[in-house]
Amino acid sequence: MNFLNKDRNYYFNLTVSQELPDKKIEDASTFMGVDVGINSFAVASTTDNKCKFFAGGDIKNRRNVYKNMRTKLQSKGTLSAKRVLERLAGKEKRLMTDVNHCISKAIVKFAIENSVSVLGLEDLTGIRDRTNNKLRKKQKYLHNSWAFYQLQQFIEYKAKNAGIITEYINPEYTSQPCCRCDHISKNNRKGLKFRCKACGFELNADLNGARNIEHRTRDYRYILESQECLSTAHTDNRSEKSGISMLATSVASS
Ligand SMILES: [Zn+2]
């Protein structure tokens, strides 16, 4: 923001945030999975099962109002309708950006309060090439949503400022497995409710998703860490082998 004072001088008011170094991953580190959904805006769950639901207020209704107005205006097709459409698009974009700023701030605040080291989000960019029928309804919905990507970006940079690493994990089957016994079934999920067909465990479906994302983030991160440990331990680094093949070599030679 800049201000023009009485003397006609510009003053710039800059907020500078200093990035903190990434937190170290240890056995006792806390991870957090964030499930971004359609019903609840976002749900976060940590390694020690602390959770929080982030509501987008009446955002869903407001977006639906915009959507209905858009459909009506598009069918008119006049020049003035086009202008109104443009204004509407700008309004909606500002509304979503505001909401995303608030939600991402709250999510990262929750992560800081719970001393989270790594925050996991679903990577929906890689699923573009796959056949559409493989995608969940939610993935289809979020796939083309700039607002969803914006929310992820906001979370990532706010987390980075707090020294929290963001990891993007494979989004396949984050909603179907039971977070308690790992049993996977389509029938586990019924709308907002998750009920495991194998062990009977019941939970809010989005929270079950967030817990699965947390598990996957933890597994993924431990693999990465073990690779880094191995690659620094190997002084004889003849080729740029991946950590996994190094792991295989060291196991084979021992
Ligand atoms: Zn189960």
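The rules behind each value
Residues numbered from 1 in each chain as written. Predicted model: local features only at pLDDT ≥ 70, side-chain atom pairs only at ≥ 80, totals over all residues. Heavy atoms only, no water. Helix = DSSP H or I, 4+ residues; strand = E, 2+ residues; numbered from the N terminus. Buried < 20%, exposed > 50% of the residue type's maximum accessible area, 1.4 Å probe, protein only. Pairing = 2+ DSSP bridges. Axes fitted to C-alpha atoms, helices over the stretch in contact; angles between N-to-C directions. Contact = heavy atoms within 4.5 Å. Polar contact = N/O pair within 3.5 Å; in protein donor to acceptor, adjacent residues only side chain to side chain. Core = buried A, V, L, I, M, F, W, Y, C linked by side-chain atoms within 4.5 Å. Donors = N, O, S within 2.8 Å, 3.2 Å for Na, K, Ca; no water. Tetrahedral: all angles 85-135°; square planar, octahedral: opposite > 155°, others 65-115°. Expected span 1.5 Å × (residues − 1).

S.K.: I'd like to hear about unusual backbone geometry, residue by residue, with values.
M.R.: Apart from glycine, the bulk of residues carry a negative phi angle, and the bulk of peptide bonds sit in the trans form. At S115, a position not held by glycine, the phi torsion is positive, near 50°. Examined against the element boundaries, S115 turns out to sit in the loop between helix 2 (79-113) and strand 6 (116-122). Taking relative accessible area as the criterion, S115 reaches 48% and is therefore assigned partly exposed. Positive phi, close to 55°, is recorded for Y173, a residue that is not glycine. Relative to the elements of secondary structure, Y173 occurs in the loop between strand 7 (165-169) and strand 8 (189-190). Taking relative accessible area as the criterion, Y173 reaches 46% and is therefore assigned partly exposed.

S.K.: Quick one: what's the story with the sheet that holds strand 6, residue by residue and with numbers?
M.R.: Here we have five strands laid out as an open sheet, ordered 5-4-3-6-7, and mixed in their pairing. On the outer flanks of this sheet lie strand 5 (51-54) and strand 7, each paired with one strand and no other. Strand-to-strand twist across the sheet, computed as the mean angle between neighbouring axes with direction ignored, equals 20°. Of the strand pairs in this sheet, strand 6 and strand 7 are connected by five bridges, and their pairing is parallel. Across the sheet, V118 pairs through a bridge with I165, a residue of strand 7. Sheet strands touched by helix 2: strand 3 (30-36), strand 4 (42-46), strand 5 and strand 6. Its angle to strand 5, the strand with the most contacts, is close to 170°.

S.K.: Could you give an account of the side chain of T46, with specific residues and numbers?
M.R.: Turning to its location among the elements, T46 is positioned in strand 4. On the accessibility criterion, T46 (0% relative accessible area) is buried. Looking at T46, its side chain comes within polar contact range of the side chain of D48, at 2.6 Å.

S.K.: An account of the nonpolar core is requested, with residue identities and associated values reported.
M.R.: Ranked by size, the top nonpolar core spans 33 residues in total, and within it M32, V34, I107 and L119 carry the most contacts. Those elements that provide at least two residues to this core are strand 3, strand 4, helix 1 (59-76), helix 2, strand 6 and helix 4 (146-161). By residue number, the principal contributor to this core is helix 2, which donates 11 residues. Every residue in contact with I107, bar those within four places of it in the chain, is listed here: M32, V34, A42, F54 and I155. The next biggest cluster of nonpolar side chains, apart from the first, holds 10 residues, and it includes V43, C196, F201 and A205.

S.K.: Tell me about the coordination of the zinc ion, residues and numbers included.
M.R.: Within the protein, the atoms that donate to the zinc ion are C178 (SG), C181 (SG), C196 (SG) and C199 (SG), at distances of 2.3 to 2.4 Å. Coordination at the zinc ion is tetrahedral: its four donor atoms span angles of 105 to 116° at the metal. The motif formed by the donor residues of the zinc ion, counted along the single chain, is C-x2-C-x14-C-x2-C. Taken together, the residues C178 in the loop between strand 7 and strand 8 and C196 in the loop between strand 9 (193-195) and strand 10 (202-204) connect sequence positions 18 residues apart. Side by side, C178 and C196 carry an identical accessibility label, which is buried.

S.K.: Run through helix 2, naming residues and quoting values.
M.R.: With 35 residues, helix 2 ought to run about 51 Å at 1.5 Å a step, and its terminal C-alpha atoms sit 51 Å apart, in line with that. S115 sits one or two residues past helix 2 and shows a positive phi near 50°.

S.K.: Can you tell me about the environment of A55, naming the residues and giving the values?
M.R.: Residue position: A55 is located in the loop between strand 5 and helix 1. Look at A55 and you get exposed, because its relative accessible area is 66%. A C-alpha to C-alpha distance of 6.9 Å links A55 and A42, two positions 13 residues apart in sequence. In this structure, A55 is in contact with F41 and I103, ignoring residues within four places of it in sequence.

S.K.: So what's going on with the pairing of strand 5? Residues and values would help.
M.R.: By the bridge criterion, four bridges tie strand 4 to strand 5 in an arrangement that is antiparallel. Residue pairing in the sheet places S45 in a bridge with C51 of strand 5.

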